[in-house]
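Here is what each chain is made of, one letter per residue.
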Amino acid sequence: MDWLLQQLINGLALGSIYALIALGYTMVYGVLRFINFAHADVLMLGAYAAYFLAPAVGTVFPLPSLTGALIVTLLSVMICTGIGILIEFLAYRPLRQRPRLTVLITAIGVSLFIEFTCQHEAVFGADTKPFPQLLPVHDFNLGGLVIGSNDLVVVVTTLVMLAALWFIVQRTKMGTAMRAVSFNQQAAALMGININRIISFTFGLGSALAAIAGILYALKAPGIDPLMGVQPGLRAFIAAVLGGIGNLPGAALGGLLLGLLETFAGGISGLSNYRDGIAFAILILILLFKPAGLLGKATVEKV
Amino acid sequence: MNRRLLLPCASAFALLISLTGCGKNGDGGIVIGEFASLTGKEATFGISSHEGTLLAIETLNAAGGVLGKKVELLTEDNQSKAGETSNVVNKLISKDGAVAVLGEVASSRSLEAAPICQQNGIPMVSPASTNPKVTETGDCIFRVCFIDPFQGTVMANFVTKSLKATKVAVFTDVKSDYSKGLAKFFKEGFIKNGGQIVAELDFNGGDKDFKAQLTAIKSAAPDAVFVPGYYTDVALIAIQAKQLGLTIPLCGGDGWESQTLLDIGKDAVEGHYFSTHYASDAASPGVVAFVADYKKRFNGKVPDAMAALGYDSAMFLADAIRRAGSTDSKAIRDALAATKDFEAVTGKIAINAQRDAVKSAVILQVKDGKFKYLETVAP
């Protein structure tokens, strides 16, 4: 029984990270109808930004501490927001009027470009770097069950981000404009919405989420390398599809489900080799019966 | 271009290439190729072994070279990536005209180079690939390290006798030939000692979350866990094991020995054990001299086992070239195969019929953020 509950905790902690990354994918998709594959690499840049900032911030606010961690995160978020807006401006904006496939392939190109540039000796180098301890760590022991403080931080952050995003999209003027752009770009422009500004804002917001996810992911596994975003990025993308792409609570649900599936499959002696295989086979089954994802609405494409 | 001009141009170009080719060998140097993981996931291994090799070549040349000729070392990086090794080894052999090839640490990538060297009849000496399959490729492939059946048995005996463990869990990296081989021989040895394997779990090298498997290991209540992985993964495994309250010793092989293990793992790797090729704090005169030379050459850096093996691989090859009395690849191969009692930094080496080095292993423990020598195990 203990074993089962511990795996449940492990799965929820892992799933929350996937959920947090998936939120970024799904939000950009919701507005622009395309998958920003560079999201996973912005996540990596967020972790590296924190890696380089931590020693400097640490001289003023000694790490590990909550204040220090918040400041490092805030600065990384600002850097990544800038990078996200820049990527959109340089790579995607010139292709705004082109077919969606062109933008999709460009996104893959941007992703590879960032990964391999960062692997170069003169940038970050390809070797694994030790990520600094930003937060004080405490493992809570509840009668044989262990809950790490980092895991709690991840779960709480994911919930807060989900709520904040929902608020921005549903209750603010900017969010209304985002939804209008998502609905029909031309009509939104005719109503006086500055499309470029809305799209830049969407990318900035998505990249800010990626930076937070990157730092939390690095705290969980404190060895960072330029390809660290690839695996969680792929999983989060699948989580977003599973939940119904474009749907915020769906992304969170998909992330949690994927984390739990992976954890339970990985915890079986002799079967752990097939961890991803089992998890993804179940996902395919779900999508066979619910092609639009768990919370997605089936829409009819007008041709 | 005019068709009549094409042929002269092409032949001029070919002549140019052959001339520059001659230029490389013509100045009398012995060209030795080296491939290593200088960047990428196992970069600290590649860099260490390369630095050891470089020190050996410089030492040889400072003493007048081999057979009166300077030794020219050409190094290529395979970026710790599958597929890249075959490109660079082909280049070293066909374009650079290497008479022998040195490399590398990771067994998966040595296995990629071995068939190419074998086909071309070029002797290859691996410094630190411990998977038995590497030299099984053919009679041109040698190594200066022990192999996993020996290393696995050494650790199985250590876990049984010194740690007094009877129940052990094995946690294998299914992506790596090295890890799978070592796990297999450990299990065989441990069961032969009367031990019991209570859980067998797998991970994929490069994973970041190991809690699912570690929770399963914890619930099986073993006395120790054998983790034959590479240092980046092992560091994360140790951290997450500690978080889950798994306080039993972790044991592993030579894939652990890297400063990065200590940098990432910090206090989580404290107290764990692994087997490796040599201890830099050993008292033998060969080791002391090597450590001093290496520190002088590389800014006070203490050489790890990979550096010592990189050094040994080059010295071992130079010794064979001397005994062969020529730089003919076939003669070098025969001299390598006939090596008996070669005094290497990592211990006395004899080459057996499988072209593997027969030599002893050492067991180290992580203590106070350093690798501490525990014991030597003879073959």
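Quick caveat: nothing in here was measured; it's all calculated off a predicted structure.

K.L.:
Give a detailed account of the overall build of chain A, specifying residues and quantitative values.
P.N.:
Secondary structure summary: chain A contains eleven helices and four strands in total. Over its C-alpha atoms chain A spans a radius of gyration of 19 Å, differing by no more than 12% from the 19 Å that the globule rule assigns to 303 residues. When the backbone C-alpha atoms are referred to their principal axes, chain A occupies close to 60 × 50 × 40 Å. Relative to its 303 residues, chain A shows a buried fraction of 50%. Of the contacts made within chain A by residues no fewer than 6 positions apart, 76% connect residues no fewer than 24 positions apart.

K.L.:
Explain the sheet that holds strand E11 (residues 342-344) of chain B to me, and be specific about the residues and the numbers.
P.N.:
Residue and element names in this part refer to chain B. Here we have three strands laid out as an open sheet, ordered E11-E12-E13, and antiparallel in their pairing. With partners counted over all chains shown, the strands left at the sheet margins are E11 and strand E13 (357-358), one partner each. Sheet topology note: the E11/strand E12 (residues 347-351) ladder contains three bridges and is antiparallel. Opposite Glu343, over in E12, you have Lys348 as the bridge partner.

K.L.:
I'd love a proper account of the packing of helix H1 (residues 2-32) of chain A against helix H5 (residues 149-171) of chain A, names of residues and values included.
P.N.:
All names here are of chain A. Contact geometry of H1 with H5 gives a least axis separation of 8 Å together with a crossing angle of 25 degrees. Classed by the angle they form, the pair H1 and H5 counts as roughly parallel. Like other packed secondary-structure pairs, H1 and H5 cross with a definite hand, here left-handed. Judged by residue contacts, Leu12, Ala13, Ser16, Ile17, Ala19, Leu20, Leu23 and Met27 of H1 engage Asp151, Val154, Val155, Thr157, Thr158, Met161, Leu162 and Leu165 from H5. When grouped by side-chain class, the residues that make up the contact of H1 with H5 number twelve nonpolar, three polar and one charged.

K.L.:
Give a detailed account of the packing of helix H3 (residues 66-92) of chain A against helix H4 (residues 100-119) of chain A, specifying residues and quantitative values.
P.N.:
All names here are of chain A. H4 packs onto H3 with a crossing angle of 125 degrees between their chain directions and a minimal axis gap of 11 Å. Classified by the angle their axes make, H3 and H4 are oblique. With respect to the hand of their crossing, H3 and H4 are arranged in right-handed fashion. Together, Ile87, Ala91 and Tyr92 of H3 and Val103, Thr106 and Val110 of H4 make up the contact between the two elements. Taken together, the residues that form the contact of H3 with H4 break down as five nonpolar, one polar and no charged.

K.L.:
An account of the pairing of strand E3 (residues 145-148) of chain A is requested, with residue identities and associated values reported.
P.N.:
Sheet faces and side chains relate simply in a regular strand, where the side chains alternate between the two faces. The pairing of strand E2 (residues 139-142) of chain A with E3(A) spans four bridges and is antiparallel. Directly across from A:Asn141, in E3(A), lies its bridge partner A:Val146.

K.L.:
Could you give an account of the interface of chain A and chain B, with specific residues and numbers?
P.N.:
Of the residues lining the interface, 27 residues belong to chain A; the matching set on chain B comes to 28 residues. Those elements giving two or more residues to the side of chain A that touches chain B turn out to be H1, E2, E3 and helix H10 (248-266) of chain A. The dominant element in the side of chain A that touches chain B, judged by the number of residues it contributes, is H1(A), at five residues. Here the residues of the side of chain A that touches chain B are counted per class, giving eight nonpolar, 15 polar and four charged.

K.L.:
Please give an account of the sheet that holds strand E9 (residues 250-252) of chain B that cites residues and values.
P.N.:
Residue and element names in this part refer to chain B. A sheet is described by the order of its strands in space; here seven strands give the open sequence E7-E6-E8-E9-E10-E14-E15, paired in mixed fashion. Sheet topology places strand E7 (196-203) and strand E15 (370-377) at the edges, where each strand pairs with a single neighbour. The sheet shows a mean angle of 25 degrees between the axes of neighbouring strands, taken without regard to direction. Two elements, strand E14 (residues 361-367) and E15, share seven bridges in a ladder whose sense is antiparallel. Counted as the bridge partner of Val366 is Phe371 from E15. Those strands touched by helix H7 (residues 177-192) are strand E6 (167-173), E7 and strand E8 (224-226), and its axis lies near 165 degrees from that of E6. Along the sheet, helix H8 (residues 211-219) contacts E6, E7 and E8; its crossing angle with E7, the most-contacted strand, is approximately 175 degrees.

K.L.:
Run through the confidence of the model for chain B, naming residues and quoting values.
P.N.:
Here chain B averages 89 in pLDDT, and 93% of its residues register 70 or above. Taken over the whole predicted complex, pTM reads 0.84, whereas the ipTM for its chain interfaces reads 0.89.

K.L.:
Which residues make up the nonpolar core, and what values do they have?
P.N.:
Among the nonpolar cores identified, the biggest contains 214 residues, and A:Leu23 and A:Ala47 are the most heavily contacted of them. Taken domain by domain, this core gets at least three of its residues from each of domain 1 (9-146 + 284-360) and domain 2 (149-276) of chain B. Sequence-distant contacts of A:Ala47, defined by excluding residues within four places in its chain, comprise A:Phe131, A:Gly214, A:Ile215, A:Tyr217, A:Ala218, A:Ile224 and A:Met228.

K.L.:
Requested: an account of helix H9 (residues 231-243) of chain B, with residues and values cited.
P.N.:
All names here are of chain B. Look at H9: 18 Å from first C-alpha to last across 13 residues, which is about the 18 Å you get at 1.5 Å a residue. A large share of H9 lies buried, amounting to twelve of its 13 residues. Taken as a whole, H9 has its buried residues at Tyr231, Thr232, Asp233, Val234, Ala235, Leu236, Ile237, Ala238, Ile239, Gln240, Ala241 and Gln243. Positive phi appears at Gly245, one or two residues downstream of H9, with a value of about 80 degrees.

K.L.:
Pulling in residues and values, what's your account of the pairing of E7(B)?
P.N.:
All names here are of chain B. Of the pairings in the sheet, the one linking E6 to E7 comprises seven bridges and is parallel in character. Bridge assignment links Val170 to a residue of E7, and that residue is Glu200. Between E6 and its parallel partner E7, the chain crosses via H7, and the hand of that crossover is right-handed.

K.L.:
Which residues make up the environment of B:Lys91, and what values do they have?
P.N.:
Residues and elements named next belong to chain B. Topologically, Lys91 is positioned in helix H3 (residues 84-95). C-alpha separation for the pair Lys91 and Gly33, spaced 58 residues apart in sequence, amounts to 9.5 Å. Discounting residues that sit within four places of it in the chain, Lys91 has contacts with Glu76 and Asp96.

K.L.:
Which residues make up unusual backbone geometry, and what values go with them?
P.N.:
With an omega of -5 degrees, the peptide bond between A:Leu63 and A:Pro64 qualifies as cis. You can see A:Pro64 is positioned in the loop between helix H2 (39-60) and H3. Looking along the chain, the bond that leaves B:Gly103 and enters B:Glu104 is cis, with omega of -20 degrees. Relative to the helices and strands, B:Glu104 resides in the loop between strand E3 (100-102) and helix H4 (107-120). Of note in this structure, B:Gln79 is not a glycine but carries a positive phi near 55 degrees. Position of B:Gln79 among the secondary structure elements: in the loop between strand E2 (71-77) and H3. When the 19 C-beta atoms within 10 Å are taken as the criterion, B:Gln79 is described as partly exposed.

K.L.:
Pulling in residues and values, what's your account of the domain arrangement of chain B?
P.N.:
Residues and elements named next belong to chain B. The domains assigned to chain B are domain 1 (9-146 + 284-360) and domain 2 (149-276). Relative placement of domain 1 and domain 2: their C-alpha centres are 30 Å apart. Taken together, the contact between domain 1 and domain 2 spans 16 residues of the former and 15 residues of the latter. By residue class, the composition of the side of domain 1 that touches domain 2 is seven nonpolar, five polar and four charged.

K.L.:
If you had to explain H2(A) to someone new, which residues and values would you point to?
P.N.:
With 22 residues, H2(A) should cover 32 Å at 1.5 Å per step; its first-to-last C-alpha distance of 31 Å lies within 8% of that length. For H2(A), the principal kink sits at A:Ala54 and spans about 40 degrees; a proline, A:Pro55, occurs within the next four residues.

Quick notes on the rules
- Residues numbered from 1 in each chain as written.
- Chains lettered and ligands numbered in written order.
- Predicted model: local features only at pLDDT ≥ 70, side-chain atom pairs only at ≥ 80, totals over all residues.
- Helix = DSSP H or I, 4+ residues; strand = E, 2+ residues; numbered from the N terminus.
- Rg over C-alpha atoms; globule rule 2.2 N^0.38 Å.
- Buried ≥ 20, exposed ≤ 12 C-beta atoms within 10 Å, placed from the backbone.
- Contact = placed C-beta atoms within 7 Å.
- Pairing = 2+ DSSP bridges.
- Axes fitted to C-alpha atoms, helices over the stretch in contact; angles between N-to-C directions.
- Parallel < 35°, antiparallel > 145°, perpendicular 65-115°, else oblique.
- Left-handed = near helix turned anticlockwise from the far one by under 90°.
- Nonpolar A, V, L, I, M, F, W, Y, C, P; charged D, E, K, R; others polar.
- pLDDT = per-residue confidence, 0-100.
- Core = buried A, V, L, I, M, F, W, Y, C linked by C-beta atoms within 7 Å.
- Domains from an automatic or database assignment.
- Expected span 1.5 Å × (residues − 1).
- Right-handed = clockwise from strand over helix to strand, strands pointing away.
- Bend = angle between axes of the 7 residues up to and from the residue.

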